[in-house]
Amino acid sequence: MKRLLVLCLLGSPASFYAADFCERDTTIDPEFPAGLGGSYEIVGKDPLTGSAYAGSLIVDYGKSTYSLTRSVQDDKVHGDAWIERCGADKIVVLIARHYTKPAPLDLRCSLGADGGNYYRTTCRTRYLGSLHWSGLEAWFQAQE
């Protein structure tokens, strides 16, 4: 029975592999998700130390990625983000990376909105190379 299961798994279609699970949007469309660019207040928990932080974030539109500028205390870090569509239902996921030192901070985010249609983005975080998503970051779009 175990051999049959192994053979079935080895012969499974490519859709079962993680590389095929999500598909990256190759261009940025300012209309989707509409209004994502702008200023945000952020709060988070560092995945390495567990310490809390707060700051601000600016999201700008580029050709193939969103440009990020995150400020926490006196530390300004740049990054980028893009949209991926995952699974059979093509669920929208925002993938981001802050180029922190000594290692970049990876984010996997879900997009939400409040009653006024301002984004409330919640992210799991980890430093590049880590296997554990042990940090958090939340973005609250500023009402301009």
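Going by the structure above, here's the rest.
(A) Seen up close, the state of the cysteines. In this structure the tally under the stated criterion is two disulfides. The disulfide bridge from C22 ends at C86, spanning 2.0 Å between sulfur atoms. Here the S-S torsion is close to 110°, and the disulfide linking C22 with C86 is therefore right-handed. Taken together, the residues span a long stretch of sequence, with C22 in strand 1 (residues 22-24) and C86 in strand 5 (residues 75-86) at a distance of 64 residues. Sequence-ordered numbering of the bonded cysteines in the protein chain gives a pairing of 1-2, 3-4.

(B) Representation of the pattern of salt bridges in the model. Throughout the structure, instances matching the rule amount to three salt bridges. Here D25 ties to R85 by a salt bridge, and the two come within 3.2 Å at their closest N and O atoms. Taken together, the residues span a long stretch of sequence, with D25 in the loop between strand 1 and strand 2 (38-45) and R85 in strand 5 at a distance of 60 residues. Residue classification places R85 among the partly exposed positions, given a relative accessible area of 25%. Residues E137 and R70 are paired through a salt bridge, measuring 2.8 Å at the closest nitrogen-oxygen approach. Of this pair, E137 sits in strand 9 (residues 135-141) while R70 sits in strand 4 (residues 66-72), placing them 67 residues apart in sequence. For E137, a relative accessible area of 2% puts it in the buried group.

(C) Highlighting the environment of A142. Note that A142 resides in the segment after strand 9. When its relative accessible area of 24% is taken as the criterion, A142 is described as partly exposed. Here the alpha-carbon distance between A142 and R120, two residues 22 residues apart in the chain, equals 10.0 Å.

(D) How the structure looks around the side chain of R126. Along the chain, R126 falls in strand 8 (residues 120-127). In this structure, R126 is buried with no salt-bridge partner, the nearest side chain bearing the opposite charge being D106 at 4.3 Å. Looking at R126, its side chain comes within polar contact range of the main-chain oxygen of S130, at 3.2 Å. Not counting the four nearest positions on each side in its chain, R126 is found in contact with P47, P104, L105, D106, L131, H132 and W133.

(E) Quick look at the pairing of strand 4. Of all seven residues making up strand 4, five are buried, and the element is well covered by its neighbours. Across seven bridges, strand 3 (residues 52-61) lies against strand 4 in antiparallel orientation. Directly across from G55, in strand 4, lies its bridge partner V72. Bridge count between strand 4 and strand 5: seven bridges; the pairing is antiparallel. The partner of T69 across the bridge, within strand 5, is H78.

Procedures and definitions
- Residues numbered from 1 in each chain as written.
- Predicted model: local features only at pLDDT ≥ 70, side-chain atom pairs only at ≥ 80, totals over all residues.
- Heavy atoms only, no water.
- Disulfide = S-S within 2.5 Å.
- Helix = DSSP H or I, 4+ residues; strand = E, 2+ residues; numbered from the N terminus.
- Salt bridge = Lys/Arg side-chain N within 4 Å of Asp/Glu carboxyl O.
- Buried < 20%, exposed > 50% of the residue type's maximum accessible area, 1.4 Å probe, protein only.
- Lys, Arg positive; Asp, Glu negative; His and termini not counted.
- Polar contact = N/O pair within 3.5 Å; in protein donor to acceptor, adjacent residues only side chain to side chain.
- Contact = heavy atoms within 4.5 Å.
- Pairing = 2+ DSSP bridges.

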